[in-house]
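Observations on the three-dimensional arrangement
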Amino acid sequence: MTDTAAPASLIDRTLRNLRSAWTGLSDSTRYYLSGAPRPDLPGDDLAKMRLQMTDCLEAKGGEVSARARAAELGRSYLALNATGRRRFLTLLAEEFGPDRTEVSLAIEALHAARSEDERRRSERRLRDALVPHWRRLLMRFNALPEGVKFLVDLRAELVPMAKDSPELTDLDADLRELLAAWFDVGLLELRQITWDAPAALLEKLIAYEAVHKIRSWEDLKNRLDSDRRCFAYFHPNMPQEPLIFVEVALVDGMSAGVEALLDEDAPRTDPRAANTAIFYSISNAQRGLAGISFGNFLIKRVVDVLEHEFPNLKTFATLSPIPGFAAWYASAVEDGQGPSLTSPERRALLAALGLEDDDSGDSDLVGRALAVDGWWRTAALSDALKAPMMRMAARYLLTAKRSNGTARDPVAHFHLSNGARMERLNWLGDPSPNGLRQSSGMMINYLYKLSAIDDNHEAYSDGALIASSSAMRALVRG
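Residues numbered from 1 in each chain as written. Predicted model: local features only at pLDDT ≥ 70, side-chain atom pairs only at ≥ 80, totals over all residues. Heavy atoms only, no water.

**Quick word on the overall build of the protein**
Helices and strands together make up the secondary structure of the protein, namely 22 helices and seven strands. Overall, the protein is about 85 × 55 × 50 Å in size when its C-alpha atoms are taken along their principal axes. Going through the 478 residues of the protein one by one, you find that 47% of them count as buried. Here the contacts in the protein between residues at least 6 apart in sequence split such that 73% fall between residues at least 24 apart. Of the side-chain charges in the protein, 59 are positive and 67 negative, and the distance between the mean point of each set is 3 Å. (Helix = DSSP H or I, 4+ residues; strand = E, 2+ residues; numbered from the N terminus. Buried < 20%, exposed > 50% of the residue type's maximum accessible area, 1.4 Å probe, protein only. Contact = heavy atoms within 4.5 Å. Lys, Arg positive; Asp, Glu negative; His and termini not counted. Charge placed at Lys NZ, Arg CZ, Asp CG, Glu CD.)

In structure tokens:
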């Protein structure tokens, strides 16, 4: 799964909607009589913004005034460019964190406590002191129309900034914690999206699709046909904004290639006769919710819904990309750990390249074949590359690990964490430019065997043990 940015037109429309929603709430007299902040928020405007933030934190004037001040602050942020927004967030992080003096005093009081009652009062004082002021300020937006969406989009901009800015790291972590509480899966609604959904929602599916780009409205209509299903999670405060969605094909047998599933000219089948549900695309729609997982709950909920709607379904599996393979493969070749060829494989590859003999090493020979333009359309080259490249892919999936012992590939980690099993590698399952670039066109089926999901999940979570089929393990053994 890969997060993707919505097209600029969709983002611009969201911002316009926010400004419009807050126009009636915002009390702009004080700040706009003296001039709106300039887009890059230079020093004198930064001082005004500091005052505006301070005013927003104060509870003067009751709830209506508090909402007006929050709306005004939000409108000020939306008026800034990228430089101005970074300065806004840096100001928030550096000057509106916890009161360190109060934290120190609370710690001293805790150490000095002599009774149980004093200790408890000191602990409460310390907990309160550790809450950063920015949290109270951000929570003001929760009461505004579209305020939750504003915070989600604000974090989408904050996340990349925090990677190279220590002062923003704490702000990002705290906002993530706040959003995680608001977006608890128990508060979310699972909905099926059909072709009859509002056009604005369908447009968002096109914009947010992160695995297999939706090429046209006809393509989208095909993905929502009677032998297809699309499910998404929604939050009550963002009823027209999918958080994460999954696309499912109801087919006969486990699918080996995505082209057949996306073929708009393929005949429509009777979903009641299908025996397999293929999850072929899972997309996170909100970049601001990065690090907050819904996917595991989504798949299990969808399996439950499909089981009840179609009792004939016996197999639940994915047809998934292998996005980390290309980078790992390049590193393996550089380290002298690239593909090795059997004598018959080497002869077949030389023949496919039109060579009688060559002194190149196995990795170099495979690399020359992969560099041939359109190699996947040439049967001899494709057939000669299949065995060594599938061995490498299986090695990557089953043995390449992160520092904590879990699978290096992000999609593999996602499905293994959910209790799936690595079932089958598919040669040229995705010969699109993206599929060829990230995994030489290979895809993998992860099998969700309902009776084994819990055991697989516990084995992976507790000991990083990867559930895999005998066919996958045989590929690694070569």
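**Observations regarding helix α14 (residues 295-309)**
An α-helix turns once every 3.6 residues. As a result, residues three or four positions apart point the same way. Compared with the 21 Å implied by 1.5 Å per residue over 15 residues, the 21 Å span of α14 between its first and last C-alpha is a close match. Among the residues of α14, those classed as buried are Gly295, Asn296, Leu298, Ile299, Val302, Val303 and Leu306. Projection of α14 onto a plane perpendicular to its axis shows the buried side chains occupying an angular sector of 160°, all on one side. The inward-facing, buried residues of α14 abut β1 (189-192), β2 (228-234), β3 (244-251), β4 (276-284), β5 (315-318) and α19 (410-417). (Expected span 1.5 Å × (residues − 1). Arc of directions from axis to C-beta.)

**Some details on the packing of helix α3 (residues 43-57) against helix α5 (residues 82-95)**
Contact pair α3 / α5: the axes reach a minimum separation of 11 Å and the direction vectors enclose 55°. Classed by the angle they form, the pair α3 and α5 counts as oblique. Judged by the sense of rotation from one axis to the other, the crossing of α3 with α5 is right-handed. Side by side, α3 and α5 meet where Leu46, Met49, Arg50 and Met53 of the first sit next to Arg87, Phe88, Leu91, Leu92 and Glu95 of the second. Of the residues contributing to the contact of α3 with α5, the split by class is six nonpolar, no polar and three charged. (Axes fitted to C-alpha atoms, helices over the stretch in contact; angles between N-to-C directions. Parallel < 35°, antiparallel > 145°, perpendicular 65-115°, else oblique. Left-handed = near helix turned anticlockwise from the far one by under 90°. Nonpolar A, V, L, I, M, F, W, Y, C, P; charged D, E, K, R; others polar.)

**Points about the confidence of the model for the protein**
On average, residues of the protein score 90 in pLDDT, and 92% of them reach the 70 mark or higher. Here residues 1-8 is modelled with pLDDT under 50, and outside its nearest four sequence neighbours on either side it reaches 21 contacts, counting other chains as well. (pLDDT = per-residue confidence, 0-100.)

**Things to note about the pattern of salt bridges**
Applying the stated criterion across every chain, the model contains 31 salt bridges. Between Glu116 and Arg120 there is a salt bridge, and its shortest N-O distance comes to 3.3 Å. You can see Glu116 and its partner Arg120 sitting in helix α7 (residues 116-130), four residues apart, about one turn around the helix. The class for Glu116 is partly exposed, based on a relative accessible area of 41%. On the basis of relative accessibility, which here comes to 46%, the residue Arg120 falls in the partly exposed class. The partner of Asp219 in a salt bridge is Arg215, and the shortest N-O contact between them spans 3.8 Å. (Salt bridge = Lys/Arg side-chain N within 4 Å of Asp/Glu carboxyl O.)

**Notes on the nonpolar core**
Of all hydrophobic cores here, the largest spans 104 residues; its most connected members are Phe183, Leu306, Phe325, Leu397 and Met422. The dominant element in this core, judged by the number of residues it contributes, is helix α18 (residues 379-399), at 11 residues. Among residues more than four places away in sequence, those in contact with Met422 are Leu397, Leu398, Ala412, Leu416, Ile444, Asn445, Tyr446, Ile466, Ala467, Ser468, Ser469 and Met472. Membership of the second largest hydrophobic core comes to 14 residues, among which are Ile214, Leu220, Cys230 and Ala232. (Core = buried A, V, L, I, M, F, W, Y, C linked by side-chain atoms within 4.5 Å.)

**Topic: a negative patch on the surface**
A surface patch of negative charge is lined by Asp454, Asp455, Glu458 and Asp462. Looking at where Asp455 falls in the secondary structure, it is placed in helix α21 (residues 453-463). Residue Asp455 is classed as exposed on the basis of its relative accessible area of 54%. (Patch = residues over 30% accessible without salt bridge, like charges linked within 9 Å, V, L, I, M, F, W, Y side chains within 5 Å. Areas by Shrake-Rupley, 256 points an atom, 1.4 Å probe, with all protein chains shown as cover.)

**Regarding the side chain of Ser281**
In this structure, Ser281 sits in strand β4. Residue classification places Ser281 among the buried residues on the basis of a relative accessible area of 1%. Ignoring any residue separated from it by four or fewer positions in sequence, one finds Ser281 in contact with Glu209, Val211, His212, Phe245, Val246 and Glu247.

**Concerning the packing of aromatic side chains**
Evaluated as defined, the whole model comprises 10 aromatic pairs. Here Phe325 and Tyr396 contribute two aromatic rings whose centre-to-centre distance is 5.9 Å and whose plane-to-plane angle is 65°, an arrangement assigned as edge-to-face. Separated by 71 residues along the polypeptide, Phe325 in helix α15 (residues 325-334) and Tyr396 in helix α18 bring together distant segments of the chain. For the pair Phe325 and Tyr396, one class covers both residues: buried. Three or more aromatic residues joined by ring pairs make a cluster, and in this case those are Tyr77, Phe88, Phe141 and Phe150. Lying across the ring of Phe234, Arg191 places its NZ or CZ 3.7 Å from the centre. (Phe/Tyr/Trp six-rings, centres within 6.5 Å; stacked < 30°, edge-to-face > 60°. Lys NZ or Arg CZ within 6 Å of the ring centre and 35° of its normal.)

**Brief notes about helix α10 (residues 166-182)**
With 17 residues, α10 should cover 24 Å at 1.5 Å per step; its first-to-last C-alpha distance of 25 Å lies within 8% of that length. Among the residues of α10, those classed as buried are Leu168, Leu171, Asp172, Asp174, Leu175, Leu178, Leu179 and Trp182.

**Quick word on the packing of α5 against α10**
Angle between the axes and distance between the axes: these two values describe a pair of packed helices. For the pair α5 and α10, interaxial distance at closest approach is 9 Å and the crossing angle is 80°. Put simply, α5 runs roughly perpendicular to α10. Mapping the contact onto sequence places Leu89, Thr90, Leu92, Ala93 and Glu94 in α5 and Glu167, Leu168 and Leu171 in α10. Grouping the constituent residues of the contact of α5 with α10 by class yields five nonpolar, one polar and two charged.

**Points about the environment of Ser439**
Residue placement: Ser439 occurs in helix α20 (residues 433-439). Taking the C-alpha atoms as reference, Ser439 lies 9.9 Å from Gly429; in sequence the two are 10 residues apart. In this structure Ser439 touches Ile322 and Phe325, once residues within four positions along its chain are discounted.

**Some details on the environment of His457**
With respect to the helices and strands, His457 occurs in helix α21. Among the residues examined, His457 registers a relative accessible area of 32% and is labelled partly exposed. Sequence separation of His457 and Ser104 is 353 residues, and the distance between their C-alpha atoms is 43 Å. Residues in contact with His457, not counting those within four places in the same chain, are Leu416, Ser417, Asn418 and Gly419.

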